[in-house]
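# Notes for the structure review
Chain by chain, the residues run as shown.
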Amino acid sequence: MQRRNTKIVNIGNTPLGGTHPVRVQSMTDLPTSDIEGQIKQIKECAEAGAEYMRITVPTLKDVEHFKTIKLRLRDLGFETPIIADVHFSPKIAIAVAEFADKVRINPGNFILPSPGGEGQGGEVYSQALHTALKPLLSVCKTHNTALRIGTNHGSLSERIMERYGDTPEGMVVATMEAVEVCLMEDFHDIVLSLKSSNVRVMVEATRLLVKRLDEKGWNYPVHLGVTEAGNDEEGRIKSAVGIGSLLVDGIGDTIRVSLTEDPQKEIPVAYNILQASRARITKTDYIACPGCGRTQFGLQETLQRVKAATAHLTGLKIAVMGCIVNGPGEMADADYGYVGAGNGKVHLYKGKEQILKNIPEEEAIEEMLKLIGNNEK
Ligand code: SF4
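The paragraphs below set out a description of the structure included in this document.

### Overview of the environment of alanine 364
Structurally, the position occupied by alanine 364 is in helix H12 (residues 361–375). The class for alanine 364 is buried, based on a relative accessible area of 0%. Once the C-alpha coordinates of alanine 364 and glycine 344 are considered, the two residues, 20 residues apart in sequence, prove to be 10.0 Å apart. Excluding residues that lie within four positions of it along the chain, alanine 364 makes contacts with Tyr338, Val346, Leu348 and Ile359.

Structure, rendered in structure tokens:
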């Protein structure tokens with residue numbers, strides 16, 4: 001996988017883009033005025049591995065709450081960058097940009113009502129967008145605050161809807177209009193996202209955005225997420241399909257898994273998606289066959305035991321296969337293989353090479369750990 005070459009954007013003390021790891025972020029789900037609740041949730045998420053946290057800032061009064069939350073977290077020693085999520089109000093965005101590490105705006109509702117009127121050309125709108133964005137960009141420049149231009153499928157402006165409908169093309173146009181203003185103002189600390197609850201739209205729109213950016217030679221980093229993905233298995237699978245498809249393309253510098261659950265539950269899902277798409281490796285990788293009529297040992301229990309014994313070997317790919325007929329060939333690019341030979345015996349492999357043969361099952365995990373230990377010094 002060739003990761004898209006992106007510009008590095010500093011978000012507080014945690015840069016994204018370039019060769020930095022694909023960052024994991026989440027968002028609190030409490031009222032902004034609930035200072036204690038916000039702090040608790042952000043700490044829990046940070047401890048679970050969130051590298052950025054976002055807070056909604058719906059009113060000017062909430063700018064003060066945002067500031068208090070961030071300062072309190074810093075006093076407690078939490079350096080996690082804090083992002084302000086702003087809709088409907090350039091005024092709030094400007095006010096909070098002084099304190100936030102990044103501000104997220106939505107081009108679909110940044111200036112309302114959308115000037116220019118129905119059916120009119122884009123010039124009136126472009127001018128109004130420029131006028132509204134300019135002071136925000138100026139504050140961002142002064143305070144080293146990054147900006148996410150976060151377009152959502154469900155909240156495109158009337159003007160975009162009229163011309164393009166709720167299409168990937170419309171989402172890309174809305175985003176590029178805001179990018180162009182940033183470039184006119186020589187502001188480059190921008191991150192872009194195109195989200196939808198429709199996984200196909202999200203993937204298609206993001207691919208189209210990246211194509212347009214690449215055509216212009218603009219390598220701004222991209223944030224990935226499936227909005228309103230829901231909960232439980234469905235929410236996780238939707239997120240994995242949408243975010244994972246793009247990561248496999250080499251697209252994506254930061255991700256958020258949006259679940260209708262407590263935000264800290266999003267974090268392990270995000271890391272699992274990164275691991276599965278091999279975009280960011282943070283643990284041991286396992287390859288295991290499902291077992292079939294050829295399997296002559298307790299494959300499921302064995303996999304659990306192998307996992308427990310090797311969970312600390314971050315980055316290694318370990319295979320557990322159910323038979324010697326197909327197992328060795330099927331274990332793909334595993335670094336080490338545990339292959340059941342039947343009759344309580346196991347063969348151990350390093351890559352495709354068989355190293356130890358007919359090891360008694362009860363000794364096999366220990367022998368595999370020794371084999372790994374001898375080779376991974
Ligand atoms: S590797 Fe062997 S045991 Fe596993 S599914 Fe394939 S044939 Fe069956």
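### Quick word on the site of the ligand
With respect to spatial proximity, the complete set of residues near the ligand consists of Cys289, Gly291, Cys292, Arg294, Thr295, Gly322, Cys323, Asn326 and Gly327. Of the residues that constitute the shell around the ligand, the class distribution is three nonpolar, five polar and one charged.

### Overview of H12
Across its 15 residues, H12 extends 21 Å between first and last C-alpha, which sits within 8% of the 21 Å expected from 1.5 Å per residue. Glu361, Ala364, Ile365, Met368, Leu371 and Ile372 are the residues of H12 that are buried. Considering only its buried residues, H12 is in contact with helix H10 (299–310), strand E12 (317–321), strand E13 (336–342), strand E14 (345–350) and strand E15 (353–360).

### Here's the deal with the packing of aromatic side chains
Under the counting rule described, the total for this entry stands at zero aromatic pairs. A cation sits over an aromatic face here: lysine 102 above tyrosine 52, 5.9 Å from the ring centre.

### Considering the layout of surface pockets
By volume, the largest pocket is sized at about 240 Å³. Forming the boundary of the largest pocket are 16 residues, of which Met27, Thr227, Glu228, Arg256 and Ser258 lie nearest the centre. In the lining of the largest pocket, the residues fall into three nonpolar, five polar and eight charged.

### A few points about the pattern of salt bridges
Inspection of every chain in the model, using the stated rule, returns 21 salt bridges. A salt bridge links aspartate 285 to arginine 278; the nearest nitrogen and oxygen atoms lie 3.1 Å apart. A salt bridge links arginine 278 to aspartate 333; the nearest nitrogen and oxygen atoms lie 2.7 Å apart. Residue arginine 278 is located in the loop between helix H9 (266–276) and strand E11 (285–288), and its partner aspartate 333 is located in the loop between helix H11 (327–330) and E13; the two are separated by 55 residues in the primary sequence. Its relative accessible area of 35% is what places arginine 278 among the partly exposed residues. In this structure aspartate 333 comes out as partly exposed when scored by relative accessible area, which is 39%. Within the structure, one salt-bridge network assembled from shared partners comprises Lys70, Arg74, Glu79 and Asp101.

Each value, and the rule that gives it
Residues numbered from 1 in each chain as written. Predicted model: local features only at pLDDT ≥ 70, side-chain atom pairs only at ≥ 80, totals over all residues. Heavy atoms only, no water. Helix = DSSP H or I, 4+ residues; strand = E, 2+ residues; numbered from the N terminus. Buried < 20%, exposed > 50% of the residue type's maximum accessible area, 1.4 Å probe, protein only. Contact = heavy atoms within 4.5 Å. Near = heavy atom within 4 Å. Nonpolar A, V, L, I, M, F, W, Y, C, P; charged D, E, K, R; others polar. Expected span 1.5 Å × (residues − 1). Phe/Tyr/Trp six-rings, centres within 6.5 Å; stacked < 30°, edge-to-face > 60°. Lys NZ or Arg CZ within 6 Å of the ring centre and 35° of its normal. 1 Å grid on protein atoms, 1.4 Å probe; cavity = no way out; pocket = protein on both sides within 12 Å on 5 of 7 lines; lining within 4 Å. Points joined across faces, edges and corners; volume = space filled by probe spheres on them. Salt bridge = Lys/Arg side-chain N within 4 Å of Asp/Glu carboxyl O.

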